[in-house]
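# Per-entry structural report
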Amino acid sequence: MAFLHFLIVFFCVFYSAFAAKMLTTSMVQDLQPLLMEYHKGPLLRGPTAINLIWYGKFTPSQRAIVLDFTSSLSSSEPRKSGQPSVSAWWQTTHKYYNHLPTPKPSSPPLSLSLKSQTLDEGYSLGKSLRMKHIVRLAAKGAQMNSINIVLTAADVTVDGFCMSRCGTHGSSRWGLRKGKFAYIWVGNSETQCPGTCAWPFHQPVYGPQSSLLVAPNNDVGVDGMIINIASLLAGTVTNPFDNGYFQGPAEAPLEAASACTGMYGKGAYPGYAGLLLVDSTTGASYNAHGINGRKYLLPALFDPSSSMCSLMV
């Protein structure tokens, strides 16, 4: 089984590493641009299905938030000029393909589409899972040309959840199949560790304590899951088999989203998500529009063209 990526350098690490010493203007000017190194492995290509495996109890409205997000990645739904969208956010991942040292013009471009859902509301593997259980659940989705996303409910514990990760992505072989399939797991942290995995909708466990943001879909747990799903999707397509694009050591890689941890809008710094759009009715903060009138808060992505973190607003 391929090495499992640990999601996002935790906010407590992010805060402690930077909050103790704020960078001055001259220091920033002296910093060299970050580089996203390509390690010669394949990226995901062609029509690729997103299959959702819901483990535990989620309400219909919670499932709808995630469904609308995944459908928004490739949506061509008209929007007002100048408004940031989920699909525009996703376009940054396409730049990684353009920067391959040996582009393959004949290879079809990546295109994502939501295909199937599997509901396991009876906790078939119990409420305390290990990573082998996550892989087993992920294998319930189609294993060819797909990304299978396992979502665990708020009352499910998973090895390492809240202590070292909010979710992860990886690849595995299952059964007699020769090829690998890509998978993602994300847990609902609302009752277990919202200060770790649902910031900036909850006060962080460590570091600067800034004003909380109102979750755009009025669900701290699931809106936090959206941030983590988005981060891991970007990492999955640009580094699906541990040998694609990443910074730093393979044991603790920084990928397209985790290289920009904690950044959501202009002016972001440790403990401050940045300048965001605010819904005039609900007071919710967001930086991207989705289908069905949805609003989402999505992480900045590292742009290989500029070697900088790309912000939606």
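Look a little higher up for the structure.
My aim in this report is to walk through the structure given alongside it, one point at a time.

Rules used in this analysis
Residues numbered from 1 in each chain as written. Predicted model: local features only at pLDDT ≥ 70, side-chain atom pairs only at ≥ 80, totals over all residues. Heavy atoms only, no water. Axes fitted to C-alpha atoms, helices over the stretch in contact; angles between N-to-C directions. Helix = DSSP H or I, 4+ residues; strand = E, 2+ residues; numbered from the N terminus. Parallel < 35°, antiparallel > 145°, perpendicular 65-115°, else oblique. Left-handed = near helix turned anticlockwise from the far one by under 90°. Contact = heavy atoms within 4.5 Å. Nonpolar A, V, L, I, M, F, W, Y, C, P; charged D, E, K, R; others polar. Salt bridge = Lys/Arg side-chain N within 4 Å of Asp/Glu carboxyl O. Buried < 20%, exposed > 50% of the residue type's maximum accessible area, 1.4 Å probe, protein only. Disulfide = S-S within 2.5 Å. Polar contact = N/O pair within 3.5 Å; in protein donor to acceptor, adjacent residues only side chain to side chain. Core = buried A, V, L, I, M, F, W, Y, C linked by side-chain atoms within 4.5 Å. Phe/Tyr/Trp six-rings, centres within 6.5 Å; stacked < 30°, edge-to-face > 60°. Lys NZ or Arg CZ within 6 Å of the ring centre and 35° of its normal.

What follows is about the packing of helix α4 (residues 86–98) against helix α7 (residues 220–238). Across the interface, α4 lies against α7 with an axial gap of 10 Å and an inter-helix angle of 20 degrees. With respect to each other, α4 and α7 are oriented roughly parallel. Relative to α7, α4 is oriented so that their crossing is right-handed. Each of W89, W90, T93, Y96 and Y97 in α4 lies in contact with α7, whose residues at this interface are A230, L233, A234, V237 and T238. Tallied by class, the residues present in the contact of α4 with α7 amount to eight nonpolar, two polar and no charged.

Before going further, it helps to spend a moment on the pattern of salt bridges. In the structure shown here, the tally under the stated rule is seven salt bridges. D303 serves as the salt-bridge partner of K95, at 2.8 Å between the closest nitrogen and oxygen. Here the residue K95 occupies a position in helix α4, and D303 occupies one in strand β15 (residues 301–303), the gap between them amounting to 208 residues. Among the residues examined, D303 registers a relative accessible area of 7% and is labelled buried.

This part covers the state of the cysteines. Counted by the stated rule, this structure contains three disulfides. Disulfide pairing is shown between C162 and C193; the S-S distance is 2.0 Å. For the disulfide bridge between C162 and C193, the dihedral angle about the S-S bond is near -70 degrees, and by the sign convention the bridge is left-handed. With a gap of 31 residues between them, C162 in the loop between β7 (157–158) and β8 (167–172) and C193 in the loop between β9 (181–187) and α6 (194–197) connect regions that are remote in the sequence. Of the two residues, C162 and C193, both sit in the buried class.

For the rest of this paragraph, the subject is the side chain of N239. Within the element layout of this structure, N239 appears in the loop between α7 and β10 (245–246). Looking at N239, the relative accessible area reads 0%, which means it is buried. At 3.2 Å, the side chain of N239 and the backbone nitrogen of N243 are in polar contact.

As a further point, take unusual backbone geometry. Of note, the amide linkage connecting W199 to P200 takes the cis form, showing an omega dihedral of 15 degrees. Counting through the fold element by element, P200 comes out in the loop between α6 and α7. Positive phi values are uncommon outside glycine, yet N218 reaches one of about 60 degrees. Following the sequence through the fold, N218 ends up in the loop between α6 and α7. The backbone phi angle of S307 is positive, close to 55 degrees, even though this residue is not glycine.

In summary, soluble globular proteins display a tendency toward joint burial of nonpolar side chains. With 69 residues, the main nonpolar core has F69 and L151 as its most contacted residues. Mapped by element, the contributors of at least two residues to this core are β3 (47–55), α3 (60–72), α4, α5 (131–138), β6 (146–152), β9, α7 and β15. Ranked by the residues each element gives to this core, the list is headed by α7, at nine residues. Discounting residues that sit within four places of it in the chain, L151 has contacts with L52, I53, W54, Y55, F58, V66, V186, M225 and I229. In terms of nonpolar packing, the next biggest core, distinct from the first, is built from nine residues, F201, A215, Y264 and L276 among them.

This part covers the packing of aromatic side chains. Tallying each qualifying case throughout the model produces ten aromatic pairs. When the ring of Y38 is compared with that of Y245, the centres are 5.0 Å apart and the planes differ by 40 degrees; the resulting orientation is tilted. You can see Y38 sitting in strand β2 (residues 37–38) and its partner Y245 sitting in strand β10, a full 207 residues away along the chain. Y38 sits in the partly exposed class, given a relative accessible area of 23%. Judged by its relative accessible area of 3%, Y245 is buried. For the ring pair W89 and W90, a centre distance of 5.9 Å and an interplane angle of 40 degrees mean the geometry is tilted. With a relative accessible area of 4%, W90 lands in the buried category. Directly above the aromatic system of Y286 lies the positively charged group of K295, at a separation of 5.5 Å from the ring centroid.

With that out of the way, let us pick up the side chain of N217. For N217, the position within the fold is in the loop between α6 and α7. When its relative accessible area of 14% is taken as the criterion, N217 is described as buried. One polar contact links N217 to D223, side chain to side chain, over a distance of 2.8 Å. Here K295 takes part through its backbone oxygen, which lies 3.1 Å from a polar atom of the side chain of N217. Ignoring sequence-local partners within four residues, the contact set of N217 consists of I65, D223, R294, K295 and Y296.

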